[in-house]
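Letter by letter, the chains look like this.
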Amino acid sequence: QVQLVESGGGVVQPGRSLRLSCAASGFIFSTYAMHWVRQAPGKGLEWVALISSDGRNKYHADSVKGRFTISRDNSKNTLYLQMNSLRLEDTAVYYCARGGSYSDYWGQGTLVTVSS
Amino acid sequence: QSALTQPASVSGSPGQSITISCTGTSSDVGGYNFVSWYQQHPGKAPKLMIYDVSNRPSGVSNRFSGSKSGNTASLTISGLQAEDEADYYCSSCTSTSTYVFGTGTKVTVL
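In this report, we go over the structure that sits alongside the text. The structure presented is a predicted model; accordingly, all values stated were derived computationally and were not measured.

What counts and what doesn't
- Per chain, residue numbering runs from 1 following the sequence as it is written.
- Following the order in which they are written, the chains are lettered starting with A and the ligands numbered starting with 1.
- Only residues with pLDDT of 70 or above have their local features reported here, since the model is predicted, and side-chain atom pairs are shown and tallied only from 80 upward, although totals for entire chains, interfaces and linings are computed over all residues.
- Hydrogen atoms and water are omitted, and side-chain values are computed over all heavy atoms in the structure.
- Numbering goes from the N terminus for both helices and strands, where a helix is a DSSP run of H or I of at least four residues and a strand is a run of E of at least two.
- Within these notes, the globule rule equals 2.2 Å times the number of residues to the 0.38 power, and the radius of gyration is based on C-alpha atoms.
- Exposure is judged per residue with a 1.4 Å probe applied to protein chains only, and the accessible area is read against the type maximum: over 50% gives exposed, under 20% gives buried, and values in between give partly exposed.
- Throughout, the Shrake-Rupley method with a 1.4 Å probe supplies accessible areas, and for residues the shown protein chains are the sole cover considered.
- Counted as positive: Lys and Arg. Counted as negative: Asp and Glu, with His and the chain ends omitted from the count.
- Charge placement uses NZ in Lys and CZ in Arg. For Asp and Glu, CG and CD serve respectively.
- Any two of the Phe, Tyr and Trp rings considered here, Trp counted by its six-membered ring, make a pair once their centres fall within 6.5 Å; the pair's planes then place it as stacked at under 30 degrees, edge-to-face at over 60, or tilted in between.
- Consider the ring centre and the ring normal. A charge sits over the ring if Lys NZ or Arg CZ is within 6 Å of that centre and within 35 degrees of that normal.
- The disulfide criterion used throughout: a pair of cysteine sulfur atoms within 2.5 Å.

Some remarks on the overall build of chain B
Helix and strand counts for chain B stand at 0 helices and 9 strands. When the helices and strands of chain B are listed from N to C terminus, the series reads β-β-β-β-β-β-β-β-β. Its C-alpha atoms give chain B a radius of gyration of 13 Å, within 12% of the compact-globule value 13 Å for 110 residues. Residue burial in chain B is summarised as follows: out of 110 residues, 45% are buried. For chain B, the exposed area adds up to about 4,800 Å²; of that, 45% sits on carbon and sulfur atoms. The positive charge centre, built from 6 side chains, and the negative charge centre, built from 6, are 4 Å apart in chain B.

Structure follows, in structure tokens:
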């Protein structure tokens with residue numbers, strides 16, 4: 001069955017970096033585009049980034065552009081989100097999700113807390 | 001990349017029908033048939049309920065239906081049940097190949 005397992009979250013100080021990972025299994029990872037979506041505590045969903053199946057095309061939300069980078073390693077069936085220059089407002093649960101125009105499978109999320 | 005506009009809350013009695021609207025612009029909802037809807041229960045990951053405006057994934061109850069007119073998409077839940085009480089979010093692709101979610105709607109079953 002399809003599984004997406006995020007890891008790498010934790011508590012980090014403002015201005016520092018963190019890399020999230022999303023391990024995929026149960027499907028042919030290299031044939032699907034993938035998203036990162038986040039949800040601040042008590043708030044709604046916010047789209048963060050999208051990467052094409054072959055990794056060539058990447059898109060980021062304006063709120064993270066220049067600070068976050070989405071990437072993937074199809075040989076390891078893993079999606080990444082490199083987060084630099086973290087801000088207090090980046091505190092959220094980060095989900096990886098399968099698919100392009102819609103996401104049919106989601107991970108359980110990993111919590112990132114930016115705090116001094 | 002402004003969030004799509006949804007009502008903050010919608011409520012209904014068991015068995016009734018409710019409709020949640022999702023209003024965007026011609027650069028997102030109105031420009032593409034790539035509107036999807038997600039259900040989220042507290043502490044859980046979102047679940048896909050409708051994709052490409054009106055298609056239902058396998059396993060999703062046929063009580064859920066979607067439509068679109070102009071810049072506004074809608075999700076209708078018929079025969080409302082207690083288990084439908086959750087937050088609902090719409091999503092659309094945009095003219096810049098990014099994506100945007102709606103502000104979210106809390107559905108309460110009275």
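The rest of the description comes next.
Details of the packing of aromatic side chains
Residues and elements named next belong to chain A. A complete count under the given rule lists 8 aromatic pairs over all chains for this structure. Lying across the ring of Phe-27, Arg-98 places its NZ or CZ 4.9 Å from the centre. Between the NZ or CZ atom of Arg-98 and the centre of the ring of Tyr-32, over which it lies, the distance is 4.0 Å.

Brief notes about the state of the cysteines
Evaluated as defined, the whole model comprises 2 disulfides over all chains. What pairs with Cys-22 of chain A in a disulfide is Cys-96 of chain A, and their sulfur atoms sit 2.1 Å apart. An S-S torsion of about 60° defines the bridge between Cys-22 of chain A and Cys-96 of chain A as right-handed. A residue pair is termed long-range when its members are at least 10 positions apart, and Cys-22 of chain A in strand β3 (residues 18-25) and Cys-96 of chain A in strand β9 (residues 92-98) qualify at 74 residues. A relative accessible area of 0% places Cys-22 of chain A in the buried class. The side chain of Cys-22 of chain B participates in a disulfide bridge whose partner is Cys-90 of chain B; the two sulfur atoms lie 2.0 Å from each other. Around the S-S axis, the bridge from Cys-22 of chain B to Cys-90 of chain B shows a dihedral of about 80° and counts as right-handed. Residue Cys-22 of chain B is located in strand β2 (residues 18-23), and its partner Cys-90 of chain B is located in strand β7 (residues 86-93); the two are separated by 68 residues in the primary sequence. We note that Cys-22 of chain B, like Cys-90 of chain B, is buried. Between Cys-93 of chain B, a free cysteine, and Cys-22 of chain B, which holds the nearest cysteine sulfur, the sulfur-to-sulfur gap is 12 Å.

By themselves, these are just geometric observations and shouldn't be taken as functional.
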